[in-house]
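# Fold and geometry: a report
Here are the chains, one letter per residue:
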Amino acid sequence: MLSAKEAGITVKKNEDFSDWYTQVVLKAGLADYAPVKGFIVLRPYGYAIWESIRDILDKRFKETGHQNGFLPVLIPESLLAREEDHFAGFTPEVFWVTKAGNNDIGERLALRPTSETLAYSIFSKWITSYRDLPLKINFWNTALRAEIKATKPFVRTSEFLWQEGHTVHATKEEAEEEVRMILDIYRELIEDYLAVPAIRGYKSEKEKFVGAEYTTTLEGMMADGRALQMGTSHHLGQNFSKPFDIKYLGRDTAEHFAWQTSWGVSWRLIGAIIMVHGDDKGLILPPKVAPIQLVIVPIHKDKDAELVKGKAAELAAELKSAEIRVHLDDRDEYTSGWKFNEWEMKGVPLRINLGPRDIEKGQVEFVRRDSREKVLSERGKAIETANLLLGKVQSDLFVRAKSLLDSHVTRPANYEEFKKTLDGKGGFVPAGWCGNPECEVRIKEETGADIRVIPFDQAGMPENCILCNAPSKKLAYFGRAY
RNA sequence: GGGGUCGUUGUCUAGCUUGGUUAGGAUGCCAGCCUUGGGCGCUGGAGGUCGCUGGUUCGAAUCCGGCCGACCCCA
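Each value, and the rule that gives it
- Residues numbered from 1 in each chain as written.
- Chains lettered and ligands numbered in written order.
- Predicted model: local features only at pLDDT ≥ 70, side-chain atom pairs only at ≥ 80, totals over all residues.
- Heavy atoms only, no water.
- Phe/Tyr/Trp six-rings, centres within 6.5 Å; stacked < 30°, edge-to-face > 60°.
- Helix = DSSP H or I, 4+ residues; strand = E, 2+ residues; numbered from the N terminus.
- Buried < 20%, exposed > 50% of the residue type's maximum accessible area, 1.4 Å probe, protein only.
- Lys NZ or Arg CZ within 6 Å of the ring centre and 35° of its normal.
- Pairing = 2+ DSSP bridges.
- Axes fitted to C-alpha atoms, helices over the stretch in contact; angles between N-to-C directions.
- Contact = heavy atoms within 4.5 Å.
- Left-handed = near helix turned anticlockwise from the far one by under 90°.
- Nonpolar A, V, L, I, M, F, W, Y, C, P; charged D, E, K, R; others polar.
- Core = buried A, V, L, I, M, F, W, Y, C linked by side-chain atoms within 4.5 Å.
- Domains from an automatic or database assignment.
- Near = heavy atom within 4 Å.
- Polar contact = N/O pair within 3.5 Å; in protein donor to acceptor, adjacent residues only side chain to side chain.
- Salt bridge = Lys/Arg side-chain N within 4 Å of Asp/Glu carboxyl O.

## Examining the packing of aromatic side chains
Counted under the stated rule, the structure contains 19 aromatic pairs. Centre to centre, the rings of phenylalanine 123 and tryptophan 126 are 5.7 Å apart; their planes meet at 35 degrees, and the pair counts as tilted. In this pair, phenylalanine 123 and tryptophan 126 both sit in helix α6 (residues 116-126), three residues apart, roughly one turn of the helix. A ring pair is formed by phenylalanine 154 and tryptophan 267, whose centres lie 5.7 Å apart and whose planes are at 85 degrees; its orientation type is edge-to-face. Highlighted residues: phenylalanine 154 in the loop between β7 (135-144) and β8 (159-169) and tryptophan 267 in the loop between β14 (259-266) and α8 (268-277), separated in sequence by 113 residues. Relative accessible area serves as the criterion here: at 5%, tryptophan 267 is assigned to the buried category. Pairwise contacts between aromatic rings join Tyr120, Phe123, Trp126, Phe240 and Phe244 into one cluster. Above the plane of the ring of tyrosine 482 lies arginine 226, whose end atom (NZ or CZ) is 4.3 Å from the centre. The cationic tip of lysine 346 hangs over the ring face of tyrosine 45; the distance from NZ or CZ to the ring centre is 4.5 Å.

Dropping the structure here:
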């Protein structure tokens, strides 16, 4: 017999977080390793989660005036190099194509690490007048960035699924409004759908997107005390429109360089869901993005099989008609106990155990994945109860994740405490910062922590820089990150 | 950037120190029976170029080199 220990997740989340994470990814059937370092294969269950995320965002992007397009994966070096900072930032992790068959290619071609340069060289042809603006395009694709070390499924891979949005505007104000609006859509996705609370703010000059004027970000906190960047929205100013010659004739009959934004989230968000919500039994999916929201496990002896299966199918059909994503697990080859464990590992937020005694009593037994609490409902109120419980799981996951975040924000009295906190439980350490990149770099060298986010909400900014003690200019959240 | 651990069937692993077996076991898989309220039971069966590659040797999973991949620690 296979003990529960061997079949399921064999380590505890709080004892070996890294191994636990990998086991959940593999055993819940989300992804598998590919033969090339840093690449993973997304399995249907994992892809279904990505589809949920994609559908939510795609709808919001379209509602706010964006259209989807598609760009090739190869970018000539000359284009990638046109904006200097951008090129310098990305070049260490670019994969290059140098051959076509056996022949050398004259100019080497980059596998896109991001599409700004390619997109903008095209945009410049499309935009000539203020009437062509704003231009708001999104791409659902992958990006390739060679990760030399420390790869981790979803969180750090050499190729990742993402969306990258690129917009062009007539004025700076309009571009900045776009940056804010997109960050808000990301906040909605991450907090209201993925149930992961995040801190919103700016990246420091050192950490911003290379080539941007500034970067806004959403930073989440994982269960092991490490921060995760969950989404970024960049104001590019005219940094790209100038080298890429994106100009328009305004109403004033004069020629102007355009203002731009770019923004993206990736399948990293799946990593965040796992790390924030999962437990020793495996994955826990927020109902709003779960491919299967409710699984029905029929329980029966031979003599009851027909009856129970019939009733289970009826119940499944009824719940489906109420727009609940239901799966009826009527496999005969597995026992109910096996199924309980399997669906828990796969993180299905709600389960119904349906057996003869429930049918006899006219009741339905629900089991919540997050708390494993059992709730009995009258048969006639199954839809109502299912919706209620799915809502509760969704909101309780957020509450629990919020307290995880809150308990990992520690204000240090001095630099000693700052270091001690980072070496101990980790998390975010909010501190005063003089604004000097030298302090930022030294803190990174001495503690491994960098500025994750400079929150929009600057309330409670300490008077002095945590390191050099000069008057502080910013309240910055430091932390070690993935 | 520096240091370390590991790779045997789908999965987990024994064997490696001290070279020679039919590479053993568990689980999973397949067939049949039996079962389903927390990873049931019985019987039979299939599944391995021991990560790849070169070397040492009469003989390599085992010893040596290179490469590929996974993971950990430090900066």
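## Some points on the sheet that holds strand β17 (residues 350-354)
A sheet is described by the order of its strands in space; here five strands give the open sequence β16-β15-β17-β18-β19, paired in mixed fashion. A strand with exactly one partner marks an edge of an open sheet, and here the two such strands are β16 (326-328) and β19 (374-378). Direction aside, neighbouring strands of the sheet carry axes that sit 25 degrees apart on average. Sheet topology note: the β17/strand β18 (residues 363-368) ladder contains four bridges and is antiparallel. Its bridge partner lying in β18, leucine 350 is registered against arginine 368. Helix α12 (residues 382-406) contacts β15 (294-298), β17, β18 and β19 of the sheet and is inclined by roughly 10 degrees relative to β18.

## A look at the packing of helix α3 (residues 44-63) against helix α7 (residues 172-193)
Contact pair α3 / α7: the axes reach a minimum separation of 11 Å and the direction vectors enclose 145 degrees. Of the two possible hands of crossing, α3 and α7 adopt the one that is right-handed. Residues Ile53, Ile56, Leu57, Arg60 and Phe61 of α3 touch α7, and the partners they reach there are Ile182, Ile185, Tyr186, Glu188, Leu189 and Tyr193. Of the residues assigned to the contact of α3 with α7, the class counts are nine nonpolar, no polar and two charged.

## Things to note about the nonpolar core
One finds Ile53, Leu57, Phe154, Leu194, Trp267 and Ile274 to be the most contacted residues of the largest nonpolar core, which totals 63 residues. Mapping this core onto the domain boundaries places at least three of its residues in each of domain 1 (4-277) and domain 2 (292-391). Discounting chain neighbours no more than four positions away, the residues touching isoleucine 274 are Lys13, Trp20, Tyr21, Val24, Val25, Leu30, Phe154 and Leu283. Within the second largest apolar cluster, 27 residues are counted, among which are Ala110, Leu118, Leu135 and Leu236.

## Re the protein's contact with RNA strand B
Near RNA strand B there are 36 residues, and of these Ser18, Thr335, Ser336, Glu344 and Asp358 occur at the shortest range. Backbone sugar and phosphate groups make up 53% of those atoms of RNA strand B lying within 4 Å of the protein. Between RNA strand B and tyrosine 33, the relevant distance is 3.0 Å, taken from a phosphate oxygen to a side-chain nitrogen or oxygen of the residue. Contact distances for RNA strand B include 2.6 Å between a base nitrogen and a side-chain N or O atom of aspartate 358. Breaking the surface near RNA strand B down by element, the ones donating at least two residues are α1 (4-7), α10 (336-345), β17 and α11 (356-361). Per-element accounting of the surface near RNA strand B gives the leading share, seven residues, to α10. Its residues placed into classes, the surface near RNA strand B shows 11 nonpolar, 11 polar and 14 charged.

## Comments concerning the pattern of salt bridges
For the coordinates displayed, the defined rule picks out 39 salt bridges. With a closest N to O distance of 3.4 Å, aspartate 104 and lysine 99 form a salt bridge. Overall, the relative accessible area of 61% leaves aspartate 104 in the exposed class. A single salt-bridge network, built from bridges that share partners, covers Lys203, Glu219, Lys444, Asp450 and Arg452.

## Concerning unusual backbone geometry
Note that the residue after leucine 133, namely proline 134, is joined by a cis bond; omega there is -5 degrees. Among the structural elements, proline 134 can be located in the loop between α6 and β7. At aspartate 245, a position not held by glycine, the phi torsion is positive, near 60 degrees. Mapped onto the fold, aspartate 245 is located in the loop between β11 (227-237) and β12 (247-249). Looking at aspartate 245, the relative accessible area reads 39%, which means it is partly exposed.

As far as function goes, none of this settles anything; it's purely spatial.
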